[in-house]
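Here's the letter readout for the chains.
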Amino acid sequence: MSFDRKIKIAPSILSADFANFGAEIRAIEAEGADWVHVDVMDGHFVPNLTFGPMAVKAFRPHVKTVMDVHLMIAPVDPYIDAYADAGADVLTAHVEAGPHIHRTLQAIRGAGMKAGVALNPGTPAEAVAHLLELTDLICVMTVNPGFGGQKFIDMTAKIARLRQMIGDRPVHIEIDGGVDPKTAPLVAQAGADVLVAGSAVFRGGSVDNPGVYGQNIAEIRAAAEGVWA
Ligand code: DX5
Ligand code: ZN
């Protein structure tokens, strides 16, 4: 995974058919996904439960692009090696998940992965001011984490502030929650380059009708790239 500030669309398989992950991953990649976003929830840090490292490891052979694993779990540190072993390319932990995010990011890089740090809507940009040298990606949540299909919360001021703080460092800004062709231009304009989208990608499509995924991805991408022209 090299650094490249082109818009990247990262469909979240939280909106995929949970009985058919392999085919769903292959379908979204064939239809233009740049990354595959994998939402890990523990029923404790967030009020929902998805899957753990064994499932993520089973996804790995299907992912030809970048496996972007978003941990909504606390604690994080005891599981870092398991996600490295599962083959995560990017491993993102929440700044709110514990008192030692600095150590967590060091450990993620130490285990050979790109390190991401996620911010809940209530957490200010300044929470990552001392982490910029330790992180490859800052994930700005535009919903309260836990569920797909929620309404977008406008975080454009936070995104713009982060892009300014990052300066010329090779750090991605990823947006997660409520991204669709209407909201994508707002976040791209503010400085985001990785757009996670669950419901807006999977809506209306299926592995038997994957062209809809392609159309949905293309619409989000075109809307976001429009403001970069
Ligand atoms: C929310 C997850 C998101 C979610 C986004 O807790 O982190 O990745 O799947 O879903 P949409 O795009 O439907 O808001
Ligand atoms: Zn996510």
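Residues numbered from 1 in each chain as written. Chains lettered and ligands numbered in written order. Predicted model: local features only at pLDDT ≥ 70, side-chain atom pairs only at ≥ 80, totals over all residues. Heavy atoms only, no water.

The criterion, for reference: UniProt positions are given in the numbering used here, feature names are shortened, and annotations may be inferred rather than shown by experiment.
Going by what an unreviewed UniProt entry lists, the chain is known as Ribulose-phosphate 3-epimerase and is assigned to Ruegeria pomeroyi. Regarding the chain, the relevant UniProt record gives this comment under Catalytic activity (unreviewed entry): "D-ribulose 5-phosphate = D-xylulose 5-phosphate".

## Quick look at helix H5 (residues 156-166)
Definition in use: Between buried and exposed lies partly exposed: a residue is buried under 20% and exposed over 50% of the maximum accessible area for its type, with that area taken using a 1.4 Å probe on protein chains only. Helix and strand assignments come from DSSP, with helices taken as H or I runs of at least 4 residues and strands as E runs of at least 2, each series counted from the N terminus. Directions pointing from the helix axis toward each C-beta atom define the arc.
For H5, every residue scored as buried is listed here: Lys158, Ile159, Leu162, Arg163, Met165 and Ile166. For H5, the angular spread of the buried residues around the axis is 160°, confining them to a single face. Exposed side of H5, more than 90 degrees from the buried face: Ala157 and Gln164 are the residues found there. Phi turns positive, to about 60°, at Gly167, one or two residues after H5.

## A look at the pairing of strand E6 (residues 137-141)
Where we set the bar: By this definition, two strands are paired if DSSP reports at least two bridges between them. A right-handed crossover is one whose linking path, passing over the helix from the first strand to the second, runs clockwise when the strands point away from the viewer.
Across the five residues of E6, five count as buried, placing the element largely inside the fold. The alternating pattern of E6 places Leu137, Cys139 and Met141 on one face and Ile138 and Val140 on the opposite face, and all of these are buried. As paired strands, strand E5 (residues 114-119) and E6 are joined by four bridges and run parallel to one another. Paired with Val117 across the strands is Ile138, a residue of E6. Regarding the hand of the β-α-β motif, the stretch spanning E6, H5 and strand E7 (residues 172-176) is right-handed.

## Re the nonpolar core
Which entries qualify depends on this criterion: Joining through side-chain atoms within 4.5 Å is the link that ties buried Ala, Val, Leu, Ile, Met, Phe, Trp, Tyr and Cys residues into a set, and such a set is a nonpolar core. Between two residues, a contact is recorded if the distance between any of their heavy atoms is within 4.5 Å.
In this structure, Ile13, Val38, Val56, Val69, Ile138 and Leu195 are the most contacted members of the largest nonpolar core, which totals 73 residues. Once residues lying within four places of it in the same chain are set aside, the contact partners of Val69 are Val38, Val40, Val56, Tyr83, Ala88, Val90, Leu91 and Thr92.

## Observations regarding the UniProt feature "binding site: substrate" (unreviewed entry) in the chain
As a reminder of what qualifies: The way it works is a 1 Å grid over only the protein atoms, where trapped points that fit a 1.4 Å probe form a cavity and open points with protein on both sides within 12 Å along at least five of seven lines form a pocket, and then any residue with an atom within 4 Å of a point lines it.
Taking the numbering used here, the UniProt-annotated feature "binding site: substrate" (unreviewed entry) corresponds to Ser12, His70, Gly146, Phe147, Gly148, Gly149, Asp176, Gly177, Gly178, Gly198 and Ser199. For the largest pocket, the lining residues among the annotations just cited are Ser12, Gly146, Phe147, Gly148, Gly149, Asp176, Gly177, Gly178, Gly198 and Ser199. Inspection of the secondary structure assignment puts Phe147 in the loop between E6 and H5. Judged by relative accessible area, which is 41%, Phe147 ranks as partly exposed. Structurally, Gly148 can be placed in the loop between E6 and H5.

## Regarding the site of ligand 1
For clarity, the cut-off: Residue proximity to a molecule or strand is established when one non-hydrogen atom of the residue lies within 4 Å of it. Each polar contact in these results corresponds to two N or O atoms within 3.5 Å; when the atoms are within protein, one needs to be able to donate a hydrogen and the other to accept it, and residues that are neighboring in sequence are counted only if both atoms are side-chain atoms. Surface accessibility follows the Shrake-Rupley procedure with a 1.4 Å probe radius. Residue values consider only the protein chains on display as shielding. Cavities and pockets are treated as containing a molecule whenever more than half of the molecule's atoms lie within 2 Å of their grid points. Each residue is assigned to one of three groups, with Ala, Val, Leu, Ile, Met, Phe, Trp, Tyr, Cys and Pro labelled nonpolar, Asp, Glu, Lys and Arg labelled charged, and all others, Gly among them, labelled polar.
Not every one of the 20 residues close to ligand 1 is listed here, only the nearest: Asp39, Gly149, Asp176, Gly198 and Ser199. Gly178 places a polar main-chain atom, nitrogen or oxygen, 2.8 Å from an oxygen atom of ligand 1. Side-chain polar atom of Ser199 to an oxygen atom of ligand 1: 2.6 Å apart, as the coordinates give it. Relative to its unbound accessible surface of 380 Å², ligand 1 loses 100% to contact with the protein. In a pocket analysis with a 2 Å cut-off to the grid points, ligand 1 is assigned to the largest pocket. Taken together, the elements giving at least two residues each to the shell around ligand 1 come down to strand E2 (36-41), strand E3 (67-72) and strand E8 (194-197). Within the shell around ligand 1, the residues separate by chemical class into eight nonpolar, ten polar and two charged.

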